[in-house]
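Architecture and fold: a report
As a plain string of letters, each chain reads:
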Amino acid sequence: MKPIYKLLILVVMAAVFLPVQAAEEVRTPTHADAAVVFAKYSGLFDRYVPREASLNDCVRFLNQHGIYFGLMEVVNGSEFTIGDCARVMGQIELVLTGEAEYVYGKVILPKGIDSWEDFCILHGVDYKKGYSAVYQALIIQSGLND
């Protein structure tokens, strides 16, 4: 068999099998996923948010406490990034310690700190581990829905 035919067979096999593999991969967490994980499964708010709470209930609870989840990001399925996780975990830290300052109902970054990532680092909030937990929860959920 000529090398060009071997290459053609390899390309055809890749085209057949790669979409199947990609479909089995876990999707990226969204703002909706993160709101549910933080509100219901983080262990921080389970006294206030029941396990049967809807997505709307979770987002409303977090937003009422200044932990911001934007309507458009939640509804549109926007990706929840590690930077978003730093913001959410930083806002949670400030709310739980009683040090939160609010503007238009949202917990704001304290003065003198450049980013939520810096805030988390300075205050020992492991936002990377938090993001990993959101991602792991998504993997578990996708396994339950199969």
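Just so it is clear, the structure is predicted and the values come from calculations on it, not from any experiment.

**With respect to the packing of helix H2 (residues 31-41) against helix H3 (residues 55-64)**
Running from N to C, H2 and H3 cross one another at 70°; their axes reach a closest spacing of 9 Å. The orientation of H2 relative to H3 falls into the category roughly perpendicular. Together, Ala32, Ala35, Val36, Ala39 and Lys40 of H2 and Leu55, Cys58, Val59 and Leu62 of H3 make up the contact between the two elements. Broken down by class, the residue content of the contact of H2 with H3 amounts to eight nonpolar, no polar and one charged.

**Digging into a nonpolar patch on the surface**
A surface patch of nonpolar side chains, amounting to about 340 Å² of accessible area, comprises Leu71, Met72 and Val75. Locating Leu71 in the fold gives a position in helix H4 (residues 71-76). Judged by its relative accessible area of 62%, Leu71 falls in the exposed class.

**A few points about unusual backbone geometry**
A positive phi angle, close to 55°, is found at Tyr104, a residue other than glycine. By the secondary structure assignment, Tyr104 is in the loop between strand E1 (102-103) and strand E2 (106-107).

**A short note on H3**
Along H3, the residues classified as buried are Cys58, Val59, Phe61 and Leu62. The arc that holds every buried residue of H3, seen down its axis, measures 160°, which confines them to one face. Against the buried residues of H3 lie H2 and H4. Backbone geometry just after H3 places Gly66 at a positive phi near 85°.

The rules behind each value
- Residues numbered from 1 in each chain as written.
- Predicted model: local features only at pLDDT ≥ 70, side-chain atom pairs only at ≥ 80, totals over all residues.
- Heavy atoms only, no water.
- Axes fitted to C-alpha atoms, helices over the stretch in contact; angles between N-to-C directions.
- Helix = DSSP H or I, 4+ residues; strand = E, 2+ residues; numbered from the N terminus.
- Parallel < 35°, antiparallel > 145°, perpendicular 65-115°, else oblique.
- Contact = heavy atoms within 4.5 Å.
- Nonpolar A, V, L, I, M, F, W, Y, C, P; charged D, E, K, R; others polar.
- Patch = residues over 30% accessible without salt bridge, like charges linked within 9 Å, V, L, I, M, F, W, Y side chains within 5 Å.
- Areas by Shrake-Rupley, 256 points an atom, 1.4 Å probe, with all protein chains shown as cover.
- Salt bridge = Lys/Arg side-chain N within 4 Å of Asp/Glu carboxyl O.
- Buried < 20%, exposed > 50% of the residue type's maximum accessible area, 1.4 Å probe, protein only.
- Arc of directions from axis to C-beta.

In short, shape yes, function no, at least from these values alone.
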